[in-house]
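Tertiary structure, described
Spelled out, the chains give:
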Amino acid sequence: RLEMMLSDRYVDPIEEGFDVTLRVGAPSHSTSLAGRALAEIPVVLCAAPAYLAAADAPRDPGDLRLHRCLHYGYLASGSQWRFREPNGADRTVRINCVMWSNNGEVLRDAALAGTGIALLPTFIVGDALAAGALVPLLREYERPPLELTALSPRHRQQAAKIALFTEFVAAELSLPSWLGSADQAGGAPA
């Protein structure tokens, strides 16, 4: 029997009685939770052609302070986005956040409406990028991928149902096509 709960909020699997929690983002460093990395999820900086017609595309991550940015609210970095320079150096830039949400689909829809620039996982924006409804930006600057991790209470991690479920999810995600990639997401480099 499977019971599924969906939420973008931080869930404590022990306190709330879950056998397994799939978390996108940094893995937990809790001593009471066992974690298994399942996949890396590429993220892409993107905007709608309508937004780019009204504002020049950023040429450097520092230009984002001059743009309307749509920000995912549960990022540990606050209102800063991280990039890797073409020379390999890490860079963090403060953004001009005009909209905050704890839901990636809401941010995608706002970007599609021309509201601003979003930094989102390819599984949320991949179809819009492939259709040309969103355009990837600053492709020469890498963004750290998100991690998908399965968490379970340490005292229950060896239970057969948890092990089988985690193995099933890991096998289904072993084919990275569902994740897409920034390069596969369509559009010419901006």
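Our structure's up above, just so we're on the same page.
Description of the structure in this document. Numbering of residues begins from 1 in every chain and follows the order in which that chain's sequence is written. Restriction of local features to residues with pLDDT of at least 70 applies here, the model being predicted, together with a cutoff of 80 or more for giving and counting side-chain atom pairs; totals for whole chains, interfaces and linings are based on all residues. Each side-chain value is derived from all of the structure's non-hydrogen atoms; neither hydrogens nor water enter the calculation.

1. Comments concerning the sheet that holds strand E9 (residues 135–136)
For clarity, the threshold we go by: When DSSP finds two or more bridges between a pair of strands, those strands are recorded as paired. By the criteria applied, helices consist of DSSP H or I runs no shorter than four residues and strands consist of E runs no shorter than two, each listed in order from the N terminus. The criterion used for residue contact is that any of the two residues' heavy atoms lie within 4.5 Å. The convention used is that axes are lines fitted to C-alpha atoms, helices contributing only their stretch in contact, and that angles between N-to-C directions extend from 0 to 180 degrees.
Here five strands make up an open sheet; going across it, the order is E7-E4-E8-E3-E9 and the pairing mixed. In this open sheet, the two edge strands, each paired with only one partner strand, are strand E7 (97–101) and E9. Contacts from helix H3 (residues 104–112) reach strand E4 (69–72), E7 and strand E8 (117–121) within the one sheet, and its direction differs from that of E4 by about 170°.

2. Considerations on the pattern of salt bridges
Our working definition: The rule for a salt bridge is simple: a side-chain nitrogen of Lys or Arg has to be within 4 Å of a carboxyl oxygen of Asp or Glu.
Counted according to the given criterion, the structure contains six salt bridges. A salt bridge links Lys-161 to Asp-19; the shortest N-O distance between them is 3.2 Å. Within this pair, whereas Lys-161 is found in helix H5 (residues 160–172), its partner Asp-19 is found in the loop between helix H1 (13–16) and strand E1 (21–24), the two being separated by 142 residues in sequence. One salt bridge connects Glu-167 with Arg-36, and the closest N-O pair in it is separated by 2.5 Å. Highlighted residues: Glu-167 in helix H5 and Arg-36 in strand E2 (residues 33–41), separated in sequence by 131 residues. Overlapping salt bridges, with partners in common, bring together Asp-60, Glu-85 and Arg-91 in one network.

3. Quick word on the nonpolar core
Under the convention used in this document: Nonpolar cores were defined as sets of buried Ala, Val, Leu, Ile, Met, Phe, Trp, Tyr and Cys residues, with membership established by side-chain atoms within 4.5 Å. Partly exposed residues are those whose accessible area sits between 20% and 50% of the maximum for their type, while under 20% is buried and over 50% is exposed, using a 1.4 Å probe and protein chains only.
Membership of the largest hydrophobic core comes to 28 residues, with the highest contact counts inside it found for Leu-38, Leu-45, Leu-64, Trp-81, Phe-83 and Ile-117. At the level of secondary structure, the elements contributing two or more residues to this core comprise E2, strand E3 (43–47), helix H2 (49–54), strand E5 (80–84), E8, strand E10 (146–153) and H5. Here Leu-45 is in contact with Leu-64, Trp-81, Phe-83, Ile-117, Ala-118, Leu-119, Val-135, Pro-136, Leu-137, Leu-138 and Arg-143, once residues within four sequence places are set aside. Membership of the second largest hydrophobic core comes to 15 residues, among which are Val-44, Ala-48, Leu-120 and Leu-129.

4. A look at the environment of Ala-57
With respect to the helices and strands, the residue Ala-57 is situated in the loop between H2 and E4. According to the relative accessible area criterion, Ala-57 is partly exposed, its value standing at 27%. Linking Ala-57 and Cys-46, residues 11 residues apart in sequence, is a C-alpha distance of 9.8 Å. Setting aside anything within four residues of it in sequence, one finds Ala-57 in contact with Leu-52, His-67 and Leu-137.

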